[in-house]
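Fold and contact review
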There are 2 protein chains.
Amino acid sequence: MLSGMADPVEFYFDFSSPYGYLASHQIEAIAARHGREVRWRPYLLGVAFKETGQKPLVEQPLRGPYHQHDFARSARRLGLPFRLPSPFPFAGVAPSRAFYWLEERDGALAKRFALKTYDRIFGEGRSVNDAAAVADVAVSLGVDSAALVAGINDAAIKDKLRAETEAAIKRGVFGSPFIYVDGEPFWGHDRLGQVEEWLARGGW
Amino acid sequence: MLSGMADPVEFYFDFSSPYGYLASHQIEAIAARHGREVRWRPYLLGVAFKETGQKPLVEQPLRGPYHQHDFARSARRLGLPFRLPSPFPFAGVAPSRAFYWLEERDGALAKRFALKTYDRIFGEGRSVNDAAAVADVAVSLGVDSAALVAGINDAAIKDKLRAETEAAIKRGVFGSPFIYVDGEPFWGHDRLGQVEEWLARGGW
């Protein structure tokens, strides 16, 4: 297959997901090594939790302490800084809307915004869960603050995030990160090795 | 450190866990490559679920279909046969008790029993969830059937499994497989790569 014809890797994530943060620093390089682009799809994991009956990891006995330990250990292994923000978890509505508003204007800029937002949240431990914090990240990328804030309050953008979240769940997405390679689903940051293997081998 | 002094890798699993089956075929080789032995610890995952609020994977919307697909995909990747038994999930009480009864007599035999039990359950898709089925596996390893059946009904063995399960959960175990390397916890079959890395590097 010509690499130009290959479908993009689809990368679903929630801005309140530490494992999504870790994956955001790896997924583009993994895809690029196999001639693929990445389609970033922020969505609201909390809506999926209503379907699956799951709760945020840190609120669960036994699983919470393990994952708090594992967030930091996994980041350390990748050489990435890690700090849990407060509050945590939080609703990723504002940065997700900002992403889709930016994507309509400049896809590459939207990805830079997502990465910078994740770095601020889990690299620096700072909240990015409202319009002001989202605008602060966007301004550092040269985006007009007032236009962005108007954008994330626009009904069409609200509908867009709702539709993306519903489409993700309908497709089977229930975690973050959640990745599709040519329709094959992979859940979890610790599956990135298999994502790369699937890209290299075309399945097994 | 002299390899003879290194602590064993601790391998917690539930006999009703497909990912435990996959790990059972890899953990001894991983440990051996780093001069370690493995301490096999069957326990009752359902008791941990009462603490964490989790339910069996296949009973969960979205997560169930994904994991059914992933069980088979993960086995295929390792070149292992895979068939889900019926009923599934089941309570692993009988094979777990048999394991501990055998372990008191012959540690190596107990591991062979565990592997053969897992192969029958998830390699062949046959139930091993009562005394008769457990005895059938054990007999094929040269164990006296009547003695084993008496053993798994012995109050001391019942107490042993209960104590092992309580100790596991108290320690933080909540899944299968769940592995400790020198006190460091790793949850999940997809963390075996990190288990090996931790053994090789002594941490990161």
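Structure first, text after, so check above.
Quick look at the structure, then. (Residues numbered from 1 in each chain as written. Chains lettered and ligands numbered in written order. Predicted model: local features only at pLDDT ≥ 70, side-chain atom pairs only at ≥ 80, totals over all residues. Heavy atoms only, no water.)

**A closer look at helix α3 (residues 45–52) of chain A**
Looking at α3 of chain A, one finds that the buried residues are L45, A48, F49 and T52 of chain A. Projected down its long axis, α3 of chain A carries its buried residues within an arc of 105°, all on one side. Contacts from the buried residues of α3 of chain A go to α9 (155–171) of chain A together with α4 (63–78) of chain B. Of the residues one or two after α3 of chain A, G53 of chain A is the one with positive phi, at around 80°. (Buried < 20%, exposed > 50% of the residue type's maximum accessible area, 1.4 Å probe, protein only. Helix = DSSP H or I, 4+ residues; strand = E, 2+ residues; numbered from the N terminus. Arc of directions from axis to C-beta. Contact = heavy atoms within 4.5 Å.)

**Here's the deal with the packing of aromatic side chains**
For the coordinates displayed, the defined rule picks out 54 aromatic pairs over all chains. Centroid distance F71 of chain A to F82 of chain A: 5.9 Å. Interplanar angle 50°. Geometry classified as tilted. On the criterion of sequence distance, the pair formed by F71 of chain A in helix α4 (residues 63–78) and F82 of chain A in the loop between α4 and α5 (93–105) is long-range, its members being 11 residues apart. By relative accessible area, which is 2% here, F71 of chain A ends up buried. Above the plane of the ring of F186 of chain B lies R73 of chain A, whose end atom (NZ or CZ) is 4.1 Å from the centre. (Phe/Tyr/Trp six-rings, centres within 6.5 Å; stacked < 30°, edge-to-face > 60°. Lys NZ or Arg CZ within 6 Å of the ring centre and 35° of its normal.)

**Describing the layout of surface pockets**
Within this model, the second largest pocket holds a volume of roughly 450 Å³. Taken together, 20 residues form the lining of the second largest pocket, with D190, G193 and Q194 of chain A together with D190 and G193 of chain B sitting closest to its centre. Listing elements by their share of the lining of the second largest pocket, those giving two or more residues are α4 and α10 (192–201) of chain A together with α10 (192–201) of chain B. Among the elements that take part in the lining of the second largest pocket, α10 of chain A stands out by supplying five residues, more than any other. Of the residues belonging to the lining of the second largest pocket, the class tally is four nonpolar, eight polar and eight charged. (1 Å grid on protein atoms, 1.4 Å probe; cavity = no way out; pocket = protein on both sides within 12 Å on 5 of 7 lines; lining within 4 Å. Points joined across faces, edges and corners; volume = space filled by probe spheres on them. Nonpolar A, V, L, I, M, F, W, Y, C, P; charged D, E, K, R; others polar.)

**A closer look at the pairing of strand β1 (residues 9–13) of chain A**
All names here are of chain A. Counting buried positions along β1 yields five of five residues, so the element is predominantly enclosed. Burial along β1 is two-sided: V9, F11 and F13 and E10 and Y12, pointing in opposite directions, are all buried. Bridge count between β1 and strand β2 (residues 38–42): five bridges; the pairing is parallel. For E10, the partnering residue across the bridge sits in β2 and is R39. (Pairing = 2+ DSSP bridges.)

**Let's talk about the sheet that holds strand β3 (residues 178–181) of chain B**
All names here are of chain B. Spatially, the four strands line up as an open sheet ordered β2-β1-β3-β4, and their pairing is mixed. With partners counted over all chains shown, the strands left at the sheet margins are β2 (38–42) and β4 (184–187), one partner each. Neighbour to neighbour, the strand axes of the sheet diverge by 20° on average, direction disregarded. Where strand β1 (residues 9–13) and β3 come together, three bridges link them in antiparallel fashion. Bridging across to β3, Y12 finds its partner in F178. Taken strand by strand, helix α6 (residues 107–123) contacts β1 and β2, and its axis lies near 55° from that of β2. (Axes fitted to C-alpha atoms, helices over the stretch in contact; angles between N-to-C directions.)

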